[in-house]
Amino acid sequence: MTSQTEVIDGYVAGTWTIDTVHSDVSFYVRHLGVSKVRGSFEAFEGTIVTGENPLDSKVEAVIRTTSVNTNNEMRDNHVRSADFLDAEQFPDLTFTSTAIRPKTAELFEVDGELSLKGVTKPVTLQLELNGFGTHYEGHAVAGFSAATEISRSEFGVTGGAAGAAVGEKIRIALEIEATQKKD
């Protein structure tokens, strides 16, 4: 039987820090059922540990809810309010992985606990391993794409009066580049 590391080209075990300059945490939600409003978070951090066995890998991430950006200041302020994220009371959205399951050599399902607005629920990220490489400065880098969909009401994100205009499902997309920590 072939181990997972033998089928992942260039796989590197280690501890990685998310490079926020080369990463993106974004989302979209339906508006009035006819269009998608997109946004992103500008402040986030995280650590990825790639295990000797890739299925033993782990990830922990924190997203600052105050950093939401939908390219509309009035909407951003409303999204930060108690109607949506309640960023003053809940400044962090967190994710901690609990298990990783293979789909193919480069595709995985990452189960974890997502905490948003004081509510923690299990979610599954669809993860694509984009690869491992070497930065031009010589340090190891890794790339990952991941996505999931959550139900906003399950996390207490009602939207207040505007909630009727906003879709129930929120699609979250991550483009992550990470740098390997030196021992």
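The structure we're discussing is the one just above.
Treat the numbers as computed from the prediction; the structure is a model and nothing was measured.

Visitor: Looking at this structure, how should I read the overall build of the protein chain?
Guide: Each helix and strand counted, the protein chain has 2 helices and 11 strands in total. Reading the helices (α) and strands (β) of the protein chain from amino to carboxyl end gives α-β-β-β-β-β-β-α-β-β-β-β-β. In terms of overall size, the protein chain behaves like a compact globule, its C-alpha atoms giving a radius of gyration of 17 Å where 183 residues would be expected to give roughly 16 Å. Each principal axis of the C-alpha distribution contributes one length, and for the protein chain these read about 55 × 35 × 30 Å. Of the contacts formed within the protein chain by residues at least 6 apart in sequence, a portion of 56% connects residues at least 24 apart. For the protein chain, the computed accessible surface area is about 10000 Å², with 51% contributed by carbon and sulfur atoms. Both charge centroids of the protein chain, one from 16 positive and one from 27 negative side chains, sit 7 Å from each other.

Visitor: Just to check I follow, could you spell out the pairing of strand S10 (residues 140–151) for this structure?
Guide: If a strand is regular, its side chains alternate between the two faces of the sheet. When you tally the buried positions in S10, you get 11 out of 12 residues, the bulk of the element. Across 8 bridges, strand S9 (residues 119–134) lies against S10 in antiparallel orientation. Bridge pairing links Phe132 to Ala142 in S10. Here S9 hands over to S10 after 5 residues, with Gly138 in that stretch at a positive phi of 105°. By the bridge criterion, 11 bridges tie S10 to strand S11 (residues 166–180) in an arrangement that is antiparallel. Bridged to Thr148 within S11 is Ile172.

Visitor: I'm lost on the nonpolar core in this one. Help?
Guide: Counting 41 residues, the largest nonpolar core has Ile48 and Ile150 as its most contacted members. Once residues lying within four places of it in the same chain are set aside, the contact partners of Ile48 are Gly14, Thr15, Trp16, Ile18, Lys58, Val59, Phe144, Ile176 and Ala178.

Visitor: What am I meant to see in the environment of Leu93 here?
Guide: Summarising the element assignment, Leu93 is placed in strand S7 (residues 92–102). For Leu93, a relative accessible area of 10% translates into the label buried. Separated by 28 residues in sequence, Leu93 and Thr65 place their C-alpha atoms 6.5 Å apart. Setting aside its immediate chain neighbours within four residues, Leu93 contacts Ala61, Val62, Ile63, Thr65, Leu114, Ser115 and Leu116.

Visitor: Explain the side chain of Asp19 to me, please; I cannot follow it from the model alone.
Guide: In this structure, Asp19 sits in the loop between strand S1 (14–18) and strand S2 (24–31). Despite its burial, Asp19 pairs with no opposite charge; the closest candidate is Lys182, at 13 Å N-O. Those residues in contact with Asp19 that lie beyond four places of it in its chain are Glu177, Ala178 and Thr179.

About the thresholds
- Residues numbered from 1 in each chain as written.
- Predicted model: local features only at pLDDT ≥ 70, side-chain atom pairs only at ≥ 80, totals over all residues.
- Heavy atoms only, no water.
- Helix = DSSP H or I, 4+ residues; strand = E, 2+ residues; numbered from the N terminus.
- Rg over C-alpha atoms; globule rule 2.2 N^0.38 Å.
- Contact = heavy atoms within 4.5 Å.
- Areas by Shrake-Rupley, 256 points an atom, 1.4 Å probe, with all protein chains shown as cover.
- Lys, Arg positive; Asp, Glu negative; His and termini not counted.
- Charge placed at Lys NZ, Arg CZ, Asp CG, Glu CD.
- Buried < 20%, exposed > 50% of the residue type's maximum accessible area, 1.4 Å probe, protein only.
- Pairing = 2+ DSSP bridges.
- Core = buried A, V, L, I, M, F, W, Y, C linked by side-chain atoms within 4.5 Å.
- Salt bridge = Lys/Arg side-chain N within 4 Å of Asp/Glu carboxyl O.

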